Amino acid sequence: MRVGLIGLGTVGAALARQLVGNTTFLQQRAGGNLLTLAAVSARSQKPRPGLDLTSVPFVADPLAIARDPQIDLVVELVGGHDGIAKQVVEAALHAGKSVVTANKALLAYHGSELLALASKQGKILAFEAAVAGAIPVIKVLHEGLAANQLHRVVGILNGTCNYLLTQMQAGAGSFDHVLAAAQQAGYAESDPSTDIDGHDSAHKLAILSALAFGHPITLSAVAISGIRAVTAQDITYAAELGYHIKLLAIAERGDDGLVRQRVQPCLLPRQHPLAGVDNVTNAVQLKANLAGQILLEGPGAGGDATASAVLADLVDIAVGRCQPISVASTHPSAVVADNPLEKLVGRCYWRLQVVDQPGVLAAVAGVLARHQISIESLLQRAGHPDTQTFPNGNVPVVLITHRALEPALVAAADELAKLPQLHQPPLRLRIEDGLA
Ligand SMILES: NC(=O)c1ccc[n+]([C@@H]2O[C@H](COP(=O)([O-])OP(=O)(O)OC[C@H]3O[C@@H](n4cnc5c(N)ncnc54)[C@H](OP(=O)(O)O)[C@@H]3O)[C@@H](O)[C@H]2O)c1
């Protein structure tokens, strides 16, 4: 099988190292088929550390590889939901080649149409590496749980966010401090917004949800909030209450049959299996009618870990055991909720930065009562020593509220934000104690 590889970055170079350096082993795994790296393309032809590509033709135009009749299969490891990545995948499928990609953004935006194109062409579009790196969650959903009805998918799908939250929990400092350290250590991008604002997790969740429930990939129906507003102090308060804060990606089918998809920082009970998933590790918990609960955990990123999943797809295609994946754009077995938060009910953690004067708590309680939200417990703390995050003269008040409907919680938060006694809008995080 003659493989054309577009992209020689973190994942592409790791893949190329295996294809040129581990040929015999891979040939055995591929049922005797030789996986030959027949052409590569990248933005520049610079040397890649530990990779000798002198015997592999470098092709400046990636589309020439996609259209080359001498190439059997194209691997796209460029990234981005539009531009050259999309063009390459489309061109290769149109040229009658199967494609392997790790590109979650591309799939989240265009997955349904690209999978339909692959199916029309009778070819495979494989993407094990696009969700949770080395963890074979696509295979588990598509093959291992083929006979199950899924109830819920919960994931920790972004290593950068999980690393930042874990570091704050370990006392490594404020959000800004741990982010700067993570950027230096290579665990966060120089522009970390796709990760910390929750979009990367949302891309992956949109893919998993479509596979789990049988609806088209619908990124626009994922409610997304990231972790920027979470402070080290919130993590400490949550720990005092018996919770860890995690950025969770959750898709579940409600009693009304609708699938709700959301990415949110949440308080998770300390004893929940996902609460102990730390640093850059990813994990996915699946709840299915026959299989029950399944927990998958492992490296969610990194060159070798992600190349492992790309290679698994290549081997599957070479031996002919890769089944076309359909995400039911024509006959969906589930419908997604356009407003996934509308009917959510739950307990919440609130942190309010208030002026330290009499009557403040009564004003806060009054707002909550007006929205039929009752307070379960309250913690008032002395002013925090981090005066940058918590400017002088205000104190944090932490509330836990009883179960309430999301629209009421949103309305109450909006009204609280207008109180003159509040220094900043309240932080509200859902408490996910029903995920066992
Ligand atoms: N890194 C991970 O741990 C990880 C994990 C899971 C999934 N993924 C996904 O895997 C894909 C690749 O990620 P990565 O981290 O390997 O990215 P990367 O290190 O940024 O590498 C991107 C590669 O694409 C090449 N490229 C960029 N624009 C190009 C163009 N117009 N034409 C041809 N080549 C072009 C770059 O060329 P130059 O080298 O010449 O600049 C580089 O080799 C992405 O979709 C990403 O989301 C990555």
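What counts, and where the lines are drawn
Residues numbered from 1 in each chain as written. Predicted model: local features only at pLDDT ≥ 70, side-chain atom pairs only at ≥ 80, totals over all residues. Helix = DSSP H or I, 4+ residues; strand = E, 2+ residues; numbered from the N terminus. Rg over C-alpha atoms; globule rule 2.2 N^0.38 Å. Buried ≥ 20, exposed ≤ 12 C-beta atoms within 10 Å, placed from the backbone. Contact = placed C-beta atoms within 7 Å. Domains from an automatic or database assignment. Nonpolar A, V, L, I, M, F, W, Y, C, P; charged D, E, K, R; others polar. Pairing = 2+ DSSP bridges. Near = placed C-beta within 6 Å. Core = buried A, V, L, I, M, F, W, Y, C linked by C-beta atoms within 7 Å. Axes fitted to C-alpha atoms, helices over the stretch in contact; angles between N-to-C directions. Parallel < 35°, antiparallel > 145°, perpendicular 65-115°, else oblique. Left-handed = near helix turned anticlockwise from the far one by under 90°.

Peer 1: What is the right way to read the overall build of the protein from this model?
Peer 2: Helix and strand content of the protein: 14 helices and 16 strands. Over its C-alpha atoms the protein spans a radius of gyration of 24 Å, differing by no more than 12% from the 22 Å that the globule rule assigns to 436 residues. With respect to the three principal axes, the spread of C-alpha positions in the protein is 80 × 45 × 35 Å. Taken across its 436 residues, the protein has 48% of its residues classed as buried. The contacts in the protein between residues at least 6 apart in sequence include a share of 76% that link residues at least 24 apart.

Peer 1: I would appreciate a short explanation of helix H11 (residues 232–240) in the present structure.
Peer 2: Note: α-helices contain 3.6 residues per turn, so residues at a spacing of three or four share the same orientation. Regarding H11, the residues found buried are Ala 232, Asp 234, Ile 235, Tyr 237 and Ala 238. Remark: Gly 242 follows H11 within two positions and exhibits a positive phi of approximately 95°.

Peer 1: What exactly am I supposed to notice about the domain arrangement of the protein here?
Peer 2: As a measure of interface size, the accessible area lost when the parts come together is often cited. For the protein, the assigned domains read domain 1 (2–126), domain 2 (137–299 + 328–336) and domain 3 (345–431). Computed over C-alpha atoms only, the centres of domain 1 and domain 2 are separated by 28 Å. Each residue belonging to the side of domain 1 that touches domain 2 can be placed in one class, and the counts come to five nonpolar, two polar and one charged.

Peer 1: Looking at this model, I keep getting lost on the pairing of strand S3 (residues 73–76). Mind explaining?
Peer 2: The two faces of the sheet receive side chains in turn, since in a regular strand these alternate between them. By the alternation rule, side chains of S3 split into Leu 73 and Val 75 and Val 74 and Glu 76, which are all buried. Where S3 and strand S4 (residues 98–101) come together, four bridges link them in parallel fashion. Across the sheet, Val 74 pairs through a bridge with Val 99, a residue of S4.

Peer 1: Teacher, can you tell me more about helix H4 (residues 84–94) here?
Peer 2: When H4 is considered as a whole, its buried residues turn out to be Ile 84, Ala 85, Lys 86, Val 88, Val 89, Ala 92 and Leu 93. Phi turns positive, to about 80°, at Gly 96, one or two residues after H4.

Peer 1: Help me out: how do you make sense of the site of the ligand in this one?
Peer 2: Surrounding the ligand, one finds 24 residues, the nearest of these being Gly 9, Arg 43, Gly 79, Ala 102 and Ala 301. Examining the composition of the shell around the ligand, we find that three residues originate from one element, helix H1 (residues 10–21), more than from any other. By residue class, the composition of the shell around the ligand is 11 nonpolar, 11 polar and two charged.

Peer 1: Just checking my understanding: could you explain the nonpolar core for this structure?
Peer 2: Taken as a class, soluble globular proteins show a tendency for nonpolar side chains to be buried jointly. Core analysis: the largest hydrophobic core is formed by 145 residues, its most contacted members being Leu 15, Val 74, Leu 164, Ile 207, Leu 208 and Val 310. In terms of residues, this core owes the most to one element, helix H12 (residues 303–319), which gives 10 residues. Sequence-distant contacts of Val 74, defined by excluding residues within four places in its chain, comprise Gly 4, Ile 6, Ile 65, Ala 66, Val 88, Ala 92, Lys 97 and Val 99.

Peer 1: Before we go on, may I ask you to explain the sheet that holds S3 in this structure?
Peer 2: Strands in a sheet are paired, the pairing made by backbone hydrogen bonds, and the direction either parallel or antiparallel. Taken in spatial order, the five strands make up an open sheet running S2-S1-S3-S4-S5, and their pairing is parallel. For this open sheet the edge positions go to strand S2 (36–41) and strand S5 (125–126), each flanked by a neighbour on one side alone. Relative to the sheet, H4 contacts strand S1 (2–6), S3, S4 and S5, its axis offset from that of S3 by approximately 165°. In the packing of H12 onto the sheet, contacts are made with S1, S3, S4 and S5, and the angle to S4 comes to roughly 160°.

Peer 1: How do you make sense of the packing of helix H13 (residues 360–370) against helix H14 (residues 406–417) when you look at a structure like this?
Peer 2: Taken N-terminus to C-terminus, the directions of H13 and H14 make an angle of 150°; their axes are 9 Å apart at the nearest point. Considering their axes alone, H13 and H14 lie roughly antiparallel with respect to each other. For the element pair H13 and H14, the recorded crossing hand is right-handed. Only Ala 412, Glu 415 and Leu 416 of H14 make contact with H13, whose side of the interface consists of Val 364, Val 367 and Leu 368. Classifying every residue of the contact of H13 with H14 by side-chain character gives five nonpolar, no polar and one charged.

Peer 1: Mind showing me how you'd approach the packing of H4 against helix H5 (residues 104–121) here?
Peer 2: The description of two helices packed together rests on the angle between their axes and the distance between the axes. Look at H4 against H5: their axes get within 10 Å of each other, and the N-to-C directions meet at 10°. Our classification of the angle between H4 and H5 gives roughly parallel. Residues Ala 85, Lys 86, Val 89, Glu 90 and Leu 93 of H4 form the contact with H5, whose own contacting residues are Leu 106, His 110, Leu 114, Leu 117, Ala 118 and Gln 121. A breakdown of the residues in the contact of H4 with H5 according to their chemical character gives seven nonpolar, two polar and two charged.

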